[in-house]
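Chain by chain, the residues:
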Amino acid sequence: MLKDNTIQVFEHSFLPIEGKFEQRHFVALSKLNALHQYQYFDLKHNGILFKQFVGVIQVDGLTIEILPKIDKYETENELAKQKWQRALIEMLRVTRKLKVQQVGEANVRKQQIHLLDIYFEWFLNEVQLLIHHGLIKQYYKETSNVKALKGKLEFAGHISKNLVHKERFYTKHQVYDKDHLVHQVLNIALTIVEKCTKGNYLYSKCKTVQLDFPEVKSIHVNETTFTKLPNNRKTAPYETALAIARLIILNYAPNISSGNEKMLALLFDMNSLWEEYVLVRLKQSAKDDVRVYGQDSKPFWKNITIRPDIVIEKGEGDDKETFIIDTKWKNIDYSEPSTQDLRQMYVYNEYWDSKKAMLLYPSNETKEIKEGDFVPFENNKHACSLGKVSIFNKATETLNENIGKEILGWFSAVEYKNS
């Protein structure tokens with residue numbers, strides 16, 4: 001069962017102001033939406049209409065989990081929500097936005113947990129691991145009053161501060177200890193986790209980690225702070241913990257505008273997540289002579305570039321064949337692709353010298369694509385097809401792990417790995 005302070009909704013659904021979702025939550029989310037250029041949802045007079053962003057929002061004690069869904073006619077019961085929550089977690093795991101193995105199995109069995117629990121436990125486990133292996137010390141410069149002259153004497157500050165205390169020296173000097181930027185950033189993230197897990201099974205674990213963590217200065221952290229973090233052999237073990245800390249800190253919005261709401265939003269554009277998920281599955285399935293690329297762009301006009309979602313290449317030189325895939329996170333079972341999408345595929349074929357392109361959609365049923373399903377454009381130089389692939393294994397209601405093999409198999413010239 002869900003906890004009393006948790007609501008699960010689907011993308012593109014409407015959440016009215018009633019029950020657990022109160023006016024104060026609506027006001028807080030409206031401020032969050034304004035902070036992010038109104039991209040997360042549309043505000044209505046009596047509630048919120050979600051867009052294509054999925055993930056989790058915690059605001060003023062209420063957790064709202066936004067789940068993906070491709071079929072608007074699918075029944076929105078608890079079983080459907082559990083299925084899509086598992087699907088979202090698996091997609092985040094496959095695309096390396098989440099390390100689900102870090103979640104305690106006992107806690108999963110005891111209660112249904114949400115994405116924030118998973119990210120928080122992942123972060124706490126990473127920090128515990130760092131503490132176990134020994135936290136690093138670093139040199140940093142400090143300006144302060146000391147009893148022995150060391151470093152550089154700050155003459156103006158020394159005169160103003162030590163007229164009475166003749167035995168002290170106001171200096172800028174180097175210090176070698178654990179109170180440095182890396183630990184200060186992790187400490188801020190630990191403080192946020194503590195605030196967001198009160199009443200949660202993770203709260204005591206967070207307090208234990210904080211007790212084992214060294215006392216460090218409290219600093220203000222923003223996007224620029226993370227560009228100043230050292231990147232060397234000593235800090236390499238901190239990479240994962242700092243990546244999660246960055247996600248937590250930059251998405252935490254205390255006292256948004258003039259209110260007192262404390263808010264944390266971890267949201268993902270489902271269009272981008274679907275693209276990344278398909279790309280990873282294709283790379284996992286391709287043989288050595290098949291290359292799969294994402295983010296492959298070419299100049300188009302002036303400073304404008306064009307970029308298909310996925311490019312597949314087979315062979316070399318004159319024998320090389322190229323195929324294009326553009327992913328679309330929407331159900332197209334009852335409609336046709338837009339003219340704009342088809343024009344895009346035509347241009348991609350031209351620029352990448354590709355013979356076959358595909359608009360790839362998620363579906364409840366996989367429609368097998370054959371050679372004749374690639375419909376040629378009027379120039380007869382290249383063709384395009386609509387691919388509809390089931391993201392679930394019907395027998396287990398889990399994500400279809402063979403999705404990459406099925407898609408590669410549709411391009412007759414592309415071989416793929418055997419199971």
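Values in this document were obtained by computation on a predicted structure and should not be read as measured data.

**Some words on the packing of aromatic side chains**
Inspection of every chain in the model, using the stated rule, returns 13 aromatic pairs. Here Phe41 and Phe50 contribute two aromatic rings whose centre-to-centre distance is 5.9 Å and whose plane-to-plane angle is 85 degrees, an arrangement assigned as edge-to-face. You'll find Phe41 and Phe50 in the same group, each marked buried. The interplanar angle of 90 degrees and the centroid separation of 5.2 Å between the aromatic rings of Tyr346 and Phe377 together place this pair among those described as edge-to-face.

**As for the sheet that holds strand β19 (residues 383-390)**
The strand order β12-β15-β16-β17-β19-β18 describes an open sheet built from six strands, whose pairing is mixed. Every other strand in the sheet has two partners, leaving β12 (290-294) and β18 (375-376) as the edge strands with one partner each. Where β18 lies against β19, two bridges are found, and the strand directions are antiparallel. From the neighbouring strand, Val375 faces β19, where its bridge partner is Cys384. Contacting β12, β15 (310-314), β16 (321-327), β17 (356-363) and β19, helix α10 (residues 270-285) crosses the sheet at an angle of about 165 degrees to β12.

**Notes on helix α9 (residues 239-250)**
A rise of 1.5 Å per residue sets the reference length of α9, with its twelve residues, at 16 Å; its end C-alpha atoms lie 16 Å apart and thus fit the reference within 8%. Every buried residue of α9 is accounted for by Ala241, Leu242, Ile244, Ala245, Ile248 and Ile249. The buried residues of α9 occupy one face: seen down the axis, they fall within an arc of 165 degrees.

**So, the confidence of the model for the protein**
Looking at the protein as a whole, the pLDDT averages 85, with 83% of positions reaching at least 70. Here residues 413-419 is a poorly scored stretch, pLDDT under 50, and it has 22 contacts once near neighbours within four places are set aside; other chains count.

Rules behind the numbers
- Residue positions within a chain follow its written sequence, with the count starting from 1.
- Where totals are concerned, whole chains, interfaces and linings use all residues; where local detail is concerned, this predicted model gives features only for residues with pLDDT of at least 70, and gives and counts side-chain atom pairs only at 80 or more.
- Note: side-chain values were computed over all heavy atoms of the structure, leaving out hydrogens and water.
- Side-chain rings of Phe, Tyr and Trp, where Trp is taken by its six-membered ring, are said to pair if the distance between their centres is within 6.5 Å; with planes under 30 degrees apart they count as stacked, over 60 as edge-to-face, and otherwise as tilted.
- Each residue is placed in one exposure class: buried if its accessible area under a 1.4 Å probe, protein chains only, is under 20% of its type's maximum, exposed if it is over 50%, and partly exposed if it falls in between.
- Whether two strands pair comes down to DSSP finding at least two bridges between them.
- Secondary structure elements are taken from DSSP: a helix is a run of H or I of four residues or more, a strand is a run of E of two residues or more, and numbering for both begins at the N terminus.
- Residue contacts are counted whenever heavy atoms from the two residues lie within 4.5 Å of one another.
- An axis is simply a line fitted to the C-alpha atoms; with a helix, the fit covers only the stretch in contact. Between two such axes, the angle follows the N-to-C directions and lies from 0 to 180 degrees.
- A helix is expected to reach a length of 1.5 Å times the quantity of its residues less one.
- An arc is given here, and it is the one of the directions from the helix axis to the C-beta atoms.
- For every residue, the predictor reports its confidence as pLDDT, a number between 0 and 100.

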